[in-house]
Number of protein chains: 2
Amino acid sequence: MSNAKLLPLIEPSDGQAAVTPCCPPLTERPFSAEEAEVAARMFKALGDPVRLRLFSAVASHEGGEACVCDISDVGVSQPTVSHHLKKLKEAGLLSSERRGTWVYYRVEPSVLAAMGKLLTGVPAVV
Amino acid sequence: MSNAKLLPLIEPSDGQAAVTPCCPPLTERPFSAEEAEVAARMFKALGDPVRLRLFSAVASHEGGEACVCDISDVGVSQPTVSHHLKKLKEAGLLSSERRGTWVYYRVEPSVLAAMGKLLTGVPAVV
């Protein structure tokens, strides 16, 4: 199965990700195997404490973006930080952009909103 | 570390779970190690496709509750279903009650609301 099939992301040319939510609210009807595959991938990405700390560090950083240099204060090595950021990116939760020496990571608010709606059934304004 | 420390649940005597949300919205500030531990546990529980299908089967079942007999249509054995339901219960996402032969599982809407708020920063009405 290709990444393109798993990820609910389309990256237009301006670098902003447009997200098609994968799934209905959990309370609406039982998920199909394919829907569960996509959604579980996103939840799994947040299911590791170090990854979640890094994600909240990016999400709460000034301007909603951060480079590895900003967020390495979680007690793991920089290669480990980079590994976790890559996983979050693969799950569609972060996008990244290289500027000079550093890669900057940015949270995808539309993905968070879609996950929130999946959990609560209520669309969030982000 | 005890389960009681990890789980943000208090079970009052009437069997309804009262939930103290563990964490601020992801965008508010970087999570502490302890907050990340609690929240990652809940996300991890939803990070498996079969578990997520079972969870949505319970969540969308009539009356918001279901027994194993209602939701075994996900292509895995009943012991596997029971194993996954136990994991969801341990993460505080389901509560259970035995009635006669069957154990009935019920989604904790307040936990879903707390997770939704954590993701989006917006409290949900459930």
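Quick caveat, the model's predicted, so the values are computed rather than measured.

**Q** Before we move on, could you go through the interface of chain B and chain A and cite the residues and values that matter?
**A** Contacts between the two partners involve 34 residues from chain B and, on the opposite side, 35 residues from chain A. In terms of surface lost to chain A, no three residues of chain B exceed Leu26(B), Leu52(B) and Leu119(B), which account for 19% of the buried area on that side. Seen at the junction of chain B and chain A, the total is 4 residue pairs in polar contact (both at pLDDT 80 or more). Every element with two or more residues in the side of chain B that touches chain A is listed here: α2 (33–45), α3 (49–59) and α5 (109–120) of chain B. Of the residues belonging to the side of chain B that touches chain A, the class tally is 21 nonpolar, 7 polar and 6 charged.

**Q** Give a detailed account of the pattern of salt bridges, specifying residues and quantitative values.
**A** Residues and elements named next belong to chain A. On inspection of all chains with the given rule, the structure shows 10 salt bridges over all chains. The salt bridge involving Arg-106 is made with Glu-65; its shortest N-O contact spans 3.3 Å. Taken together, the positions of Arg-106 in strand β5 (residues 102–107) and Glu-65 in strand β3 (residues 65–67) put the pair 41 residues apart, joining distant regions of the chain. For Arg-106, a relative accessible area of 35% translates into the label partly exposed. Since its relative accessible area comes to 16%, Glu-65 is described here as buried. Among the salt bridges present, the one from Glu-97 reaches Arg-99, with a minimum N-O distance of 3.8 Å. Classification of Arg-99 by relative accessible area gives partly exposed; the value is 36%.

**Q** I'd like to hear about the state of the cysteines, residue by residue, with values.
**A** Residue and element names in this part refer to chain A. Counted under the stated rule, the structure contains 2 disulfides over all chains. For Cys-67, the disulfide goes to Cys-69, at an S-S distance of 1.9 Å. The class for Cys-67 is buried, based on a relative accessible area of 0%.

Definitions and limits used
- Residues numbered from 1 in each chain as written.
- Chains lettered and ligands numbered in written order.
- Predicted model: local features only at pLDDT ≥ 70, side-chain atom pairs only at ≥ 80, totals over all residues.
- Heavy atoms only, no water.
- Contact = heavy atoms within 4.5 Å.
- Buried area = accessible area lost by both parts, 1.4 Å probe.
- Polar contact = N/O pair within 3.5 Å; in protein donor to acceptor, adjacent residues only side chain to side chain.
- Helix = DSSP H or I, 4+ residues; strand = E, 2+ residues; numbered from the N terminus.
- Nonpolar A, V, L, I, M, F, W, Y, C, P; charged D, E, K, R; others polar.
- Salt bridge = Lys/Arg side-chain N within 4 Å of Asp/Glu carboxyl O.
- Buried < 20%, exposed > 50% of the residue type's maximum accessible area, 1.4 Å probe, protein only.
- Disulfide = S-S within 2.5 Å.

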